[in-house]
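This is what each chain is made of:
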Amino acid sequence: MNPFLLVGAGGVLGALSRFAVGSRIPDRQRDTLAVNVLGSFALGALTAGLAADAALLTLFGTGFCGAFTTFSSFAVETVELYESGARQEAIGNAALNLVGALLAVGLGGWTATALA
Amino acid sequence: MSETDAHSATEDPGARWLERLEPLLLVAVGGFAGAILRHAVAAAFPGGFPWGTLAVNVAGSFALGALLYEAELSGRLSAETRLVLGTGFLSSFTTYSTFAVQTAALSPTLAVANVGANYALGFVAVLAGRAAVGEVTG
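This structure is a prediction, so every number in the text was calculated from the model and none was measured.

Scoring rules and cut-offs
Residues numbered from 1 in each chain as written. Chains lettered and ligands numbered in written order. Predicted model: local features only at pLDDT ≥ 70, side-chain atom pairs only at ≥ 80, totals over all residues. Heavy atoms only, no water. Contact = heavy atoms within 4.5 Å. Buried area = accessible area lost by both parts, 1.4 Å probe. Salt bridge = Lys/Arg side-chain N within 4 Å of Asp/Glu carboxyl O. Polar contact = N/O pair within 3.5 Å; in protein donor to acceptor, adjacent residues only side chain to side chain. UniProt positions renumbered as here; feature names shortened; annotations may be inferred. Helix = DSSP H or I, 4+ residues; strand = E, 2+ residues; numbered from the N terminus. Core = buried A, V, L, I, M, F, W, Y, C linked by side-chain atoms within 4.5 Å. Buried < 20%, exposed > 50% of the residue type's maximum accessible area, 1.4 Å probe, protein only. Patch = residues over 30% accessible without salt bridge, like charges linked within 9 Å, V, L, I, M, F, W, Y side chains within 5 Å. Areas by Shrake-Rupley, 256 points an atom, 1.4 Å probe, with all protein chains shown as cover.

Help me out: how do you make sense of the interface of chain A and chain B in this one?
Many descriptions give the size of an interface as the accessible area lost when the pieces come together. Across the contact, 42 residues belong to chain A and 41 residues belong to chain B. Summed over both sides, the interface between chain A and chain B buries roughly 3,200 Å², with carbon and sulfur atoms accounting for 75% of that surface. Sorting the residues of chain A by area buried against chain B places F4(A), F19(A) and F71(A) first, and these three jointly supply 21% of that buried surface. At the boundary of chain A and chain B, one finds one salt bridge. Applying the counting rule to chain A against chain B returns 16 residue pairs in polar contact (both at pLDDT 80 or more).

What's the story with the UniProt feature "transmembrane region" (unreviewed entry) in chain A in this structure? I'm lost.
Residue and element names in this part refer to chain A. In the numbering used here, UniProt assigns the "transmembrane region" (unreviewed entry) feature to residues 32-51, 56-75 and 95-115. As annotated, residues 32-51 has a helix share of 90% and a strand share of 0%, and its two end C-alpha atoms lie 27 Å apart. Strand forms 0% of residues 95-115 and helix 100%; the C-alpha atoms that close the span are 30 Å apart.

Hey, could you run me through the nonpolar core in this one?
Nonpolar side chains tend to gather and get buried jointly when the protein is soluble and globular. Judged by nonpolar contacts, the single largest core of 25 residues is most densely connected at F71(A), F74(A), L98(A), L64(B), Y96(B), F99(B) and Y119(B). Sorting the residues of this core by element identifies α2 (28-49), α4 (72-83) and α5 (87-115) of chain A together with α3 (51-74), α4 (79-93), α5 (97-105) and α6 (108-137) of chain B as the ones contributing at least two each. When neighbours within four sequence positions are excluded, L64(B) is seen to be in contact with S72(A), S73(A), V76(A), G86(B) and L90(B).

What am I meant to see in a nonpolar patch on the surface here?
Where nonpolar side chains cluster on the molecular surface, the patch consists of M1(A), L5(A) and F32(B) and spans about 330 Å² of accessible area. Among the secondary structure elements, M1(A) is positioned in the segment before α1 (3-24). Classification of M1(A) by relative accessible area gives exposed; the value is 76%.

I tried to follow α4(B) on my own but got confused; where do I start?
Helical geometry: 3.6 residues make up each α-helical turn, so side chains three or four residues apart lie on a common side. Of all the residues in α4(B), the buried ones are L83(B), G86(B), G88(B), F89(B), L90(B), S91(B), S92(B) and F93(B). Looking at the packing, one finds that the buried side of α4(B) touches α1, α3 (54-68) and α4 of chain A together with α2 (13-44) and α3 of chain B.

In this structure, what is going on with the UniProt feature "binding site: Na(+)" (unreviewed entry) in chain A? I would like to understand it.
Under the UniProt annotation, "binding site: Na(+)" (unreviewed entry) lies at G66(A) and T69(A). When you line up the elements, T69(A) lands in the loop between α3 and α4. A relative accessible area of 0% places T69(A) in the buried class. Within the local environment of T69(A), its side chain forms a polar contact with the backbone nitrogen of Y96(B), the two atoms lying 3.2 Å apart.

Could you clarify how one ought to interpret the pattern of salt bridges in this entry?
Close approach of charged atoms allows side chains with opposite charge to pair. Residue and element names in this part refer to chain A. With the rule as written, the count across this model stands at four salt bridges over all chains. E77 serves as the salt-bridge partner of R28, at 3.7 Å between the closest nitrogen and oxygen. Within this pair, whereas R28 is found in helix α2, its partner E77 is found in helix α4, the two being separated by 49 residues in sequence. Under the relative-accessibility criterion, E77 is labelled buried at 5%.

Now the structure itself:
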């Protein structure tokens, strides 16, 4: 199947899932942190577990996880926090997303390897 | 009761169903286009350093900064536009998970450079996007 269609189909599911999480977590920064950490865990697991299956990795990795997580919302929300005077929260938000996502990538990879 | 009242949009189950479905369709259309364009940009930057992800994250942060600033500033932006362009397109065009996985795979020096570049340029892009809107709208 055309990889662009796979990425697009995964992108639809990822964007809708992010929208669904957002409607359950009204706090915008927590909502973005949740999808970024969850999506990084999933992508870490998929990258380690599906390395041999290019089509599934394109659909679920590049498409779904790529669209489920977001950098632009994270950047806008962090700048807004900083500007509102909540500078420590802004720095904390930037650090939590980074550390949370990197740990999640490692944990996801470890989980996939352990289950294989 | 007049004929039009009996068939007003809120009373019609079909119209109500469409009203509920509309935000999902907007997010889906935007998500489809955003993910495909991100994939196209990544394909244009083959090689060791994840330049493609940096490019989409910075460009998407610029555009979302401009879009949301415009929405706040003028109130002219409809909820539909925000859903299809913001929640759908730009949020799917940019990515945090790919950025995190690629960072974890780099050497320590390049990983620090990648995080620094995405963060610094991403935040500056939000501010630049707003400034661009300010220039255009005066």
